[in-house]
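# Breakdown of the fold
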Amino acid sequence: MVTVLGNDIERAKSLLDRGELVAIPTETVYGLAANALNEAAVLNIFKAKNRPQFNPLIIHLPFWQLVKQYVRYLPPAAQELAMHFSPGPITYLLPKKDILPDLLTAGHPKVAVRIPAHPLTLQLLRSLNYPLAAPSANPFGYVSPTLAQHVLQGLNGKIPYVLDGGQSSIGVESTIVDFEGDAVVIRRLGGISQADIETTLGKKVQVAIASSDHPVAPGMLNSHYATQTPLVVGHAAQLLAQFPQKNILVMGFGSMACTPGYNLSPQGSTDEAARNLFAMMRQADAAGADLIVAPKLPHTGLGPAINDRLLRAQHHQK
Ligand code: TXA
Ligand code: MG
């Protein structure tokens, strides 16, 4: 199969209407989309990504008003968050209706729902009469794509079309929020910070991040976002001194020395660092180094979401 790259929404729609896969731009990362109501099409997402079927998918809709067609109940806290943050980098876990195939949610009673904020994808979604199921458009376990070119690096020849919407403006995946009684629980750190969610709700929320050891949400595996080149989260200067003979690349932040290597944000902005993170991880991975060293970012803004990605990238190498 030849993979075509372009910005033709009509072409994307007609492929999706026929049950084909199309990579779509979002403000977080590119998604690998199919008709969420078509089980055969959804199965093809898992196949193209090599993704285990116990790992459920997010559905994408153009408006919050449509969510109630697919979920049985909307908790007030979800409504409140949606008024502030959707469209945007936040995903809600909500009790699913039967019209959604079980494959989509891996048999889980809740479905993950998101309204993405990218103009091309919103226009596409508005033209469809079904939601789009879309995980990140990378082979399972590898770094998520923030450019159409990244999608091609992993899926060229496996999908017919990549809708090119430029660089993802946020750069890390959506924050996933769950609702248990009156409690709001963050299941994945992402593009909306915990502090912003707490300010909006006027109360503290729990953070229960799943991992392979504590799989609160199925499929939130440790070995995600992994580069081929071993990546270590740690103190750059110490490691450089410890292994003087090794070809080490630094992926740093702010005023720290990052030569040889990359600086996620010389001005020390966690928003900018999130935007650069996955592209720089890919560049570092392609540079033929022995080791990538990434110091942790500060715990402000999107810092915790970035640190989560770095730690998962590291886990794989052990
Ligand atoms: O920003 C994003 O969320 C991107 C863009 C494309 O929208 N999507 C994305 O999808 O990151 P994916 O499949 O790479 O990650 C979705 C995560 C998975 O870790 C999955 O386990 C969790 O969401 N998830 C999905 N449905 C769930 C459910 N019903 N219960 C618990 N966790 C769920
Ligand atoms: Mg992913």
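Every value quoted in this text rests on a predicted model; they were computed, and no experiment measured them. (Residues numbered from 1 in each chain as written. Chains lettered and ligands numbered in written order. Predicted model: local features only at pLDDT ≥ 70, side-chain atom pairs only at ≥ 80, totals over all residues. Heavy atoms only, no water.)

### Let's talk about the packing of aromatic side chains
One pair of aromatic rings is described through two measures. These are the centre distance and the angle between the planes. Scanning the model with the defined rule gives two aromatic pairs in all. Between W64 and Y92, the ring centres sit 5.0 Å apart and the planes meet at 65°, which makes this aromatic pair edge-to-face. Remark: Y92 occurs in strand β5 (residues 90-95) and W64 occurs in the loop between β4 (58-60) and α3 (76-85); sequence separation between them is 28 residues. W64 gets classed as buried once you look at its relative accessible area, which sits at 16%. Pairing Y225 with F278 gives two aromatic rings, centres 5.7 Å apart and planes at 5°, and the pair type is stacked. Here F278 lies in helix α9 (residues 270-286) and Y225 lies in the loop between β11 (206-207) and β12 (231-233), a separation of 53 residues in the sequence. As far as burial versus exposure is concerned, Y225 and F278 are alike and both buried. (Phe/Tyr/Trp six-rings, centres within 6.5 Å; stacked < 30°, edge-to-face > 60°. Helix = DSSP H or I, 4+ residues; strand = E, 2+ residues; numbered from the N terminus. Buried < 20%, exposed > 50% of the residue type's maximum accessible area, 1.4 Å probe, protein only.)

### Considerations on the sheet that holds strand β15 (residues 291-294)
The strand order β12-β15-β13-β14 describes an open sheet built from four strands, whose pairing is parallel. Looking at which strands have only one partner, the edges of the open sheet turn out to be β12 and β14 (261-263). Strand-to-strand twist of the sheet, defined as the mean angle between neighbouring strand axes without regard to direction, takes the value 15°. Direction of pairing for strand β13 (residues 248-252) relative to β14: parallel, over a ladder of three bridges. By the bridge assignment for β14, G252 is matched with N263. Against the sheet, helix α10 (residues 303-315) touches β12, β13 and β15, its axis set at about 130° to β12. (Pairing = 2+ DSSP bridges. Axes fitted to C-alpha atoms, helices over the stretch in contact; angles between N-to-C directions. Contact = heavy atoms within 4.5 Å.)

### As for the confidence of the model for the protein
With 95% of its residues at a pLDDT of 70 or more, the protein has an overall mean of 94. The model gives residues 213-219 a pLDDT under 50, and that stretch makes 12 contacts with residues more than four places away or in other chains. (pLDDT = per-residue confidence, 0-100.)

### Quick look at the packing of α3 against helix α7 (residues 194-201)
The N-to-C vectors of α3 and α7 enclose an angle of 115°; their axes lie 10 Å apart at closest approach. It follows that α3 is roughly perpendicular to α7 by the angle criterion. Once α3 is placed against α7, the crossing between them reads as right-handed. Residues A77, E80, L81, H84 and F85 of α3 form the contact with α7, whose own contacting residues are D196, I197, T200 and L201. Per-class residue counts for the contact of α3 with α7 are five nonpolar, two polar and two charged. (Parallel < 35°, antiparallel > 145°, perpendicular 65-115°, else oblique. Left-handed = near helix turned anticlockwise from the far one by under 90°. Nonpolar A, V, L, I, M, F, W, Y, C, P; charged D, E, K, R; others polar.)

### Some words on the domain arrangement of the protein
A common way to state how big an interface is: give the accessible area lost once the parts meet. By domain assignment, the protein separates into domain 1 (4-207) and domain 2 (231-315). In this complex, domain 1 contributes 22 residues to the contact, which on the side of domain 2 involves 16 residues. For the domain 1 and domain 2 pair, buried surface summed over both sides reaches about 1,400 Å², with 56% attributable to carbon and sulfur atoms. The largest contributions to the domain 1 side of the interface with domain 2 come from V143, V172 and L189, which together make up 33% of the buried area. Measuring nitrogen to oxygen at the nearest pair gives 3.0 Å for the salt bridge that ties R309 to E173. Between domain 1 and domain 2 we count seven residue pairs in polar contact (both at pLDDT 80 or more) in total. Looking at the side of domain 1 that touches domain 2 residue by residue, the classes come out as eight nonpolar, 12 polar and two charged. (Domains from an automatic or database assignment. Buried area = accessible area lost by both parts, 1.4 Å probe. Salt bridge = Lys/Arg side-chain N within 4 Å of Asp/Glu carboxyl O. Polar contact = N/O pair within 3.5 Å; in protein donor to acceptor, adjacent residues only side chain to side chain.)

### Considering the nonpolar core
In terms of nonpolar packing, the biggest core is built from 52 residues, with W64, V67, L81, Y92, L94, F179 and I197 touching the most fellow members. In contact with V67, not counting residues within four places along its chain, are L61, L74, L94, V113 and I115. Ranked by size, the runner-up nonpolar core spans 27 residues in total, among them L264, L297, L302 and I306. (Core = buried A, V, L, I, M, F, W, Y, C linked by side-chain atoms within 4.5 Å.)

### Quick word on α10
For α10, spanning 13 residues, the distance from its first C-alpha to its last is 18 Å, which sits close to the expected 18 Å at 1.5 Å a residue. Here α10 lies mainly inside the structure; 10 of its 13 residues are buried. All of the buried residues along α10 are G303, A305, I306, N307, D308, R309, L310, R312, A313 and Q314. On the buried face of α10, the contacting elements are β10 (183-188), β12, β13, α9 and β15. (Expected span 1.5 Å × (residues − 1).)

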